[in-house]
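Survey of secondary and tertiary structure
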Amino acid sequence: MNTSVLDYKAIQPISSPIEPRKQGAKRHWGSHPYFTRRAWNVVQEYIRTFSQPGDTVLDPFGGSGVTAVEALVLRRKGIHCDINPLANFICSQIAISPVDIDAFRAAFDEIEKNCKDAINYAYAISDEEAENLEIKYWYPQGIKLPKNADAEYVEQLHTKRQLFSLSLLLHHINKIADTKIRYLMLFVFSATLNKTNLTFSSTHGRKASRGNSGIMHCYRYWIPTNTLDLNVWEQFEQKFSNTAKFKLETNLLIDDWYSSNFSLCHISATNLTNLIPRESIDYIYTDPPYGQHIAYLDLSTMWNAWLGFEVSEQNKQLEAIEGGDLNKSKQDYIELLENSISEMFNILKFDRWLSIVFAHKDPAYWDAIVKSAQSAGFEYVNTAVQPSTIQSLHKKKNPLKVLSGELVLNFRKVRNPKTIAITKVGTDVVQLIKEVAELTIVKNSGASTEDIYNSLIPKLLENGLLSEVKKEIDDITPLLREEFYYSELDNLWKIRPNTKIGCFIPIEDRIRFYLLDYLKRIEREGKAAHFDRIIFSVMPNLINGQTPPNQTILNILEKIAFSPDGKHWQLGQSNSMQLELDLGISFGSSSLPNLKFAKDANKIEHDLLIYALAKIGIASGLQVHIGKKEQGSSSWNGEAFNSISLSDLPIKKQLNQWEKDKIQQIDLIWFDSLGDAVFAFEIETSTPITTGIDRFMELLKISPDLAKKIVLIIPPKRLNKMNKLLKESHYIGHPLYMENKLVYSFSNLIADTYMKLSNQSNLNLEKVIQAIHLTLSSPTL
């Protein structure tokens, strides 16, 4: 029972990000794979903020059960709803408590006695012999996989020895008399399936079991060329150990609170009132499907088949997704989402809260959530940004189109809701988007696509403009391209050079922007920055009806610059080179000397390529370090290499002698003024390619961000040799995963790039980085 009364109306909603700690709870991390799983500590904080002990907490799109489980941990009543039988099964087994661990271990010992030797034998014989194994027990047959799968039926996802081993395990698990222990052992079996099917693969060189299935990796039944057939018994044994450990955790945290305070509903979120009484829920925290992102029921086919769970056609019809095997439209998805939010309103008590986690770049979905909530009777209160600490592979490959992290929309059910006031002042929606984007970019010295969305969505919500955006725009990326440019160097949107920023930006931010702009230019030109000149240069850009006094500019100037002689100003050391990298602003450059390259791509000299790349780096404002060997003996165009190179590595991290010796032999490294490596090049026209890779590996240990920026430059004739060497060598699969970090370019492409850049009058770092990227390729493995 509640010992105190919480004033739900007075709750101050969460508005700041919470640092996710996914790996802090065994009950969620590593217990059983699932397609999405929210960080347990973030969910806990929301439950703790919007409810009190004894309250009933619901998640109508329950997934793997983080909300319900954490509600139990916090001594709330947890109700878990999901249309997916697999999700409900996972949640029920994580939540169930207390569990007799001794009985659980005894059941495992019995299975071990009946299965271990037979399964190990199956993995000791040859593949040919394994095809003759007799499968005595049931396994799923004739159950179709989703249309986009690389196999037609579930049984085709497994090798013969996998089917033999899994069916044997399942047979003996089903013989366990104690229902609670039997279901928990089925949970172990289900968790094992993820790595014991043909979609499983692992990066070369890693411990094989550290890989993942194509199902979880690509969100479809993708069977890679090089699959791994892990020993089923070893995987089952590992999953049993994991389960035993997290049940000790839930026994302690949940104990017998579970028995009368947990409810599981196999139901669509569109039909909640069929099982849950109206106005009976104290708090709803939910993470609905994101449109076309994941087709949960389709992707769960293998697990549901092995566990004997039926998924009806009606279940699929009611699943709130876009696409999938039923090819649902955006409108189908939005209608299902609308119906779900209406049902949430019906079962939530008055003055209680609803938190919806969502991430999608199409404003139509955001509009659907807000409109549905308002139509149902909810009052919108605020939006909190909840970033992700780990980027998905999809995000890394598509930084412009994939969002990482989410927004949490907080609503309250009140008797007289205030609808969001619609702005009626003729606001130009497109202009608003550009203004919010520009403000975000300036405030953060560059902004990612998700940073802009996270600023934009609350602004549109609060001004009632989501509908306008929904009508006009599906994706804001083209609008951003019109006004800003996207830096491939750090995947951030930047203000275009020599652009006057909007007058709607707060005066302090505008002053800082223009001060950095001016001081960087003066530094490049080698001139002195007098205060009067600073004022006269910056002030014209600030006229917007509010002219700041000189003192305002001085206050900001003192934060970003210093006076070495009491008369002039210059950027602080941390601001000097960082301006170009952060804001993408560049003012002039050194010109590139005229060079002649051999017409035969295979005969371009090693030292000429080093010299050309060094000159490009210097012209774009970088420092260069040429390999020690070349510094000692080489020159080009009348310039000794030691005269254009840093004499020592500017790396701030303490290097041992081995690391230093290796890194300083790299043919060429570009550094910014802070001593951070920007690109590294090894020119291998005739010397062993492996030498360069050895050096790169030492550099990557201290500069892991250089992945895809360590470049082998080879003549075209050496391509086959390079690929063959990489396929057969220990470099691929090295703990640094060189196959994912190493790129190459041809000698003639570098020569062509030099000639193109030498014809440009105003060379800057951004142009150079983009030009180099265009020449790069990944090895064929």
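In the block above lies the structure referred to throughout.
Report on the accompanying structure. (Residues numbered from 1 in each chain as written. Predicted model: local features only at pLDDT ≥ 70, side-chain atom pairs only at ≥ 80, totals over all residues. Heavy atoms only, no water.)

As a further point, take the overall build of the protein. If you tally the helices and strands in the protein, you get 33 helices and 21 strands. The 781 residues of the protein split such that 57% are buried. For the protein, restricting intrachain contacts to residue pairs at least 6 apart in sequence, the fraction spanning at least 24 positions comes to 74%. Of the roughly 33800 Å² that the protein leaves accessible, carbon and sulfur atoms contribute 47%. (Helix = DSSP H or I, 4+ residues; strand = E, 2+ residues; numbered from the N terminus. Buried < 20%, exposed > 50% of the residue type's maximum accessible area, 1.4 Å probe, protein only. Contact = heavy atoms within 4.5 Å. Areas by Shrake-Rupley, 256 points an atom, 1.4 Å probe, with all protein chains shown as cover.)

This next bit is on the pairing of strand 10 (residues 484-487). In strand 10, alternate side chains face the same way, and those of Phe484 and Tyr486 on one face and Tyr485 and Ser487 on the other are all buried. Relative to strand 11 (residues 492-495), strand 10 runs antiparallel, the two sharing four bridges. Among the inter-strand pairings, Tyr485 is bridged to a residue of strand 11, identified as Lys494. (Pairing = 2+ DSSP bridges.)

What follows concerns the environment of Thr687. Position of Thr687 relative to the elements: it lies in the loop between strand 19 (677-683) and helix 29 (689-702). Through-space distance from the C-alpha of Thr687 to that of His606 is 9.8 Å; in sequence the pair is 81 residues apart.

A few words on the sheet that holds strand 20 (residues 710-714). Read from one edge to the other, the open sheet built from five strands follows the order 15-18-19-20-21, with strand pairing classed as mixed. The open sheet has two free edges, formed respectively by strand 15 (623-626) and strand 21 (742-746), since each of these has just one partner strand. The sheet shows a mean angle of 25° between the axes of neighbouring strands, direction not considered. Examined bridge by bridge, strand 18 (residues 668-671) and strand 19 share four bridges and lie antiparallel to one another. Looking at the pairing, Ile669 lines up with Ala680 of strand 19. (Axes fitted to C-alpha atoms, helices over the stretch in contact; angles between N-to-C directions.)

In this section: the packing of aromatic side chains. Throughout the structure, instances matching the rule amount to 30 aromatic pairs. Ring plane angle 20° and centroid distance 6.1 Å describe the contact between Tyr34 and Tyr296, whose orientation is recorded as stacked. On the criterion of sequence distance, the pair formed by Tyr34 in the segment before helix 1 (40-50) and Tyr296 in helix 11 (residues 296-299) is long-range, its members being 262 residues apart. Overall, the relative accessible area of 9% leaves Tyr34 in the buried class. Take Tyr296: its relative accessible area is 13%, and that puts it in the buried class. The ring of Phe350 has Lys413 lying over it, and the distance from NZ or CZ to the ring centre is 4.5 Å. (Phe/Tyr/Trp six-rings, centres within 6.5 Å; stacked < 30°, edge-to-face > 60°. Lys NZ or Arg CZ within 6 Å of the ring centre and 35° of its normal.)

A word on the nonpolar core. Ranked by size, the top nonpolar core spans 105 residues in total, and within it Tyr46, Leu58, Phe378, Phe411, Leu515, Leu519 and Ile534 carry the most contacts. Sequence-distant contacts of Leu519, that is, excluding residues within four places in its chain, are made with Ala529, Ile534, Leu557, Ile560, Ala561, Trp569 and Leu571. Counting residues in hydrophobic clusters, the runner-up holds 70 residues, among them Ala107, Leu133, Leu169 and Phe262. (Core = buried A, V, L, I, M, F, W, Y, C linked by side-chain atoms within 4.5 Å.)

Strand order in the open sheet formed by seven strands is 5-2-1-6-7-9-8, with mixed pairing between adjacent strands. At either margin of the open sheet sits one strand with a lone partner, and together these are strand 5 (262-266) and strand 8 (378-386). Shown here is a sheet whose adjacent strand axes are inclined to one another by a mean of 15°, direction ignored. Judged from the two bridges that link them, strand 1 (residues 56-59) and strand 6 (residues 281-286) form a sheet pairing that is parallel. Bridging across to strand 6, Leu58 finds its partner in Ile284. Docked against the sheet, helix 1 engages strand 1, strand 6, strand 7 (348-358), strand 8 and strand 9 (406-413), running at close to 155° with respect to strand 6. Against the sheet, helix 2 (residues 66-73) engages strand 1, strand 2 (77-82), strand 5 and strand 6, with an angle of about 170° to strand 2.

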